[in-house]
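Close look at the chain arrangement
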Amino acid sequence: MPNPTATTLPDARGRFGAYGGAFVPETLVGALRELAQAYDDARRDPAFQRELDRTLADFVGRPTPLCFAPRLTELAASRSKTGGAAQIWLKREDLCHTGAHKINNTMGQALLAKRMGRTRIIAETGAGQHGVASATAASRMGLSCDVYMGSEDARRQRLNVVRMRLMGARVIEVDSGSRTLKDATNEAMRDWMGSSDTTLYIIGSVVGPHPFPMIVRDFQSVIGREAREQCLREWNALPDCVVACVGGGSNAAGIFHPFAQDEGVALVGVEAGGRSTNAGDHAAPLAFGSPGVLHGSMSYVLQDEHGQTADVHSCSAGLDYPGVGPEHAYWKDAGRVRYTHVGDDAALDAFVAMSETEGIIPALETSHALAHAIDLAATMQPDQRVLVNLSGRGDKDVDEAARLLEARQKPAQ
Ligand SMILES: *Cc1c(COP(=O)(O)O)cnc(C)c1O
């Protein structure tokens, strides 16, 4: 049985128990080893930490606030059998520059790229959020930046394509496969195989071969470290439960990791349940997948009986990925984190409820976590507290949400 509170993972081979590792072509082994070494040096170097902290404060806008959601709490109470509910609190990553948590990681990795003497970064992007965060970091640090994006995604997310180009990045549209995130990731990896002496691949979540899941988790853990301190200062206590949405799993890993050893704190990850539990209709590998290798590491993957990666669906582009970070697979098996899933409809309801009650339009990704948090709070006591990672703001989603809400009002054929 794995130790659910281990903080020393991954091990020297990049494993989180049975998961993780680096299943890559020979040509990438050297680049990954060099990255692991450079990262190990950087994290022990107080000057690197100081520069990172300063960038996060001055440019990203950290620390982000911890704030109470009084009217969302009332809504949860109105749905409870007892008329009371746990207090819902928010960690406001939507207030980070560019509107989501992703920039915590891209600023860290871009600093690392500079330290390694690289002049170019590349990234993959689905909805365009990680691409925008990478282009932002590159612009700020004077690095050149190429972003791989499926042509189908580029069409659906024009605004983010324009934002990336405005900041000087080149957006390379990928026409292979389903022309979405999975295909863009393949192309970015292929680029890096031939360019690693000048280029750092900035991966967008806690996925990919070792050392990426560890590096991204560490850069995102600033969320949980801040939140833990803020809870202790504000309440003199820790939250009863922490809830986060899980796509690749970076915002969840970032807020969970600093609480992993606090036995009294329940951790809940929320995957995208999509439109049904049938294969192809959701993006919930921890719920419905099985162990396999995708993009260089072993984790839960949605796949058919031949090991071919399955199609996925979610109303939120940021959760629309058939894999998940290996540390989440480990936490699931160890029983440290409970994983559940929320469908498109319930997420859309939470998107509306949050906007109406708190004056915050959340990202559709985040709305999955909010939907579960409301239900959960309704089963708890008023002296308890649920902390939700508000991973991003929803400006990018208002057109899509309006379209879905309108479709819902039409009577069924
Ligand atoms: C990209 C994104 C996610 C999903 O990615 P994780 O790596 O699972 O965090 C969640 N929320 C927002 C706002 C995003 O932009």
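Residues numbered from 1 in each chain as written. Predicted model: local features only at pLDDT ≥ 70, side-chain atom pairs only at ≥ 80, totals over all residues. Heavy atoms only, no water.

Some points on the domain arrangement of the protein chain
- Domain boundaries in the protein chain define domain 1 (16-58 + 101-217) and domain 2 (63-99 + 222-409).
- On a C-alpha basis, the centres of domain 1 and domain 2 stand 23 Å from each other.
- Contacts between the two partners involve 33 residues from domain 1, matched on the other side by 35 residues from domain 2.
- Counting each side, the surface lost to burial between domain 1 and domain 2 is near 2800 Å², with a carbon and sulfur contribution of 65%.
- In terms of surface lost to domain 2, no three residues of domain 1 exceed Tyr 19, His 101 and Arg 217, which account for 27% of the buried area on that side.
- Where domain 1 touches domain 2, the interface holds one salt bridge.
- Measuring nitrogen to oxygen at the nearest pair gives 3.2 Å for the salt bridge that ties Arg 217 to Glu 327.
- Counting the contacts that link domain 1 with domain 2 gives twelve residue pairs in polar contact (both at pLDDT 80 or more).
- Mapped onto the side of domain 1 that touches domain 2, the elements with two or more residues apiece are β2 (19-20), α4 (102-115), α5 (129-141), α8 (181-195) and α9 (212-220). (Domains from an automatic or database assignment. Contact = heavy atoms within 4.5 Å. Buried area = accessible area lost by both parts, 1.4 Å probe. Salt bridge = Lys/Arg side-chain N within 4 Å of Asp/Glu carboxyl O. Polar contact = N/O pair within 3.5 Å; in protein donor to acceptor, adjacent residues only side chain to side chain. Helix = DSSP H or I, 4+ residues; strand = E, 2+ residues; numbered from the N terminus.)

Let's talk about the site of the ligand
- Taken together, 17 residues sit near the ligand, with Lys 102, Ser 205, Gly 247, Gly 249 and Ser 250 positioned nearest.
- Note that an oxygen atom of the ligand is positioned 2.6 Å from one of the side-chain N or O atoms of Lys 102.
- Contact with the protein chains removes 97% of the 380 Å² of surface that the ligand exposes when unbound.
- Placement of the ligand is best described as lying within the largest cavity.
- Of the residues assigned to the shell around the ligand, the class counts are four nonpolar, eleven polar and two charged.
- Two domains each donate at least three residues to the shell around the ligand, and these are domain 1 (16-58 + 101-217) and domain 2 (63-99 + 222-409). (Near = heavy atom within 4 Å. Areas by Shrake-Rupley, 256 points an atom, 1.4 Å probe, with all protein chains shown as cover. 1 Å grid on protein atoms, 1.4 Å probe; cavity = no way out; pocket = protein on both sides within 12 Å on 5 of 7 lines; lining within 4 Å. Sits in = over half its atoms within 2 Å of the grid points. Nonpolar A, V, L, I, M, F, W, Y, C, P; charged D, E, K, R; others polar.)

Quick word on empty space enclosed by the protein
- According to the stated counting rule, one finds four cavities of 30 Å³ or more in the structure shown.
- By volume, the largest cavity is sized at about 450 Å³.
- Lining the largest cavity are 34 residues; nearest its centre among them are Lys 102, Gly 204, Ser 205, Gly 248 and Gly 318.
- Looking at the lining of the largest cavity, the elements with two or more residues in it are β5 (120-125), α5, α8, α11 (250-256) and α15 (364-377).
- In terms of residue class, the lining of the largest cavity is made up of ten nonpolar, 19 polar and five charged.
- Mapped onto the domain boundaries, the lining of the largest cavity takes at least three residues apiece from domain 1 (16-58 + 101-217) and domain 2 (63-99 + 222-409).
- Estimates place the volume of the second largest cavity at around 60 Å³. (Points joined across faces, edges and corners; volume = space filled by probe spheres on them.)

Some details on the layout of surface pockets
- Of the voids in this model, the largest pocket is the one considered here, and its volume is about 730 Å³.
- If you trace the largest pocket, you find 30 residues lining it, with Asp 153, Arg 156, Gln 157, Ala 317 and Asp 320 closest to the centre.
- Within the residue set of the lining of the largest pocket, elements represented by two or more residues are α6 (151-156), α7 (158-166), α8 and α16 (398-409).
- By residue number, the principal contributor to the lining of the largest pocket is α16, which donates four residues.

Focus on the packing of aromatic side chains
- Here the structure, examined in full by the defined rule, presents eight aromatic pairs.
- Ring centres of Trp 89 and Trp 235 lie 5.0 Å apart, and the angle between their planes is 65°; this geometry places the pair in the edge-to-face category. Placement of the pair is Trp 89 in strand β4 (residues 87-92) and Trp 235 in helix α10 (residues 222-235), with a sequence separation of 146 residues.
- For Trp 89, a relative accessible area of 8% translates into the label buried.
- On the accessibility criterion, Trp 235 (10% relative accessible area) is buried.
- Taking 5.8 Å as the distance between ring centres and 65° as the angle between the ring planes, the aromatic pair formed by Tyr 201 and Phe 212 counts as edge-to-face. Separated by eleven residues along the polypeptide, Tyr 201 in strand β8 (residues 199-201) and Phe 212 in helix α9 bring together distant segments of the chain.
- A residue is classified by how much of its surface remains accessible, and Phe 212, at 1% relative accessible area, is buried. (Phe/Tyr/Trp six-rings, centres within 6.5 Å; stacked < 30°, edge-to-face > 60°. Buried < 20%, exposed > 50% of the residue type's maximum accessible area, 1.4 Å probe, protein only.)

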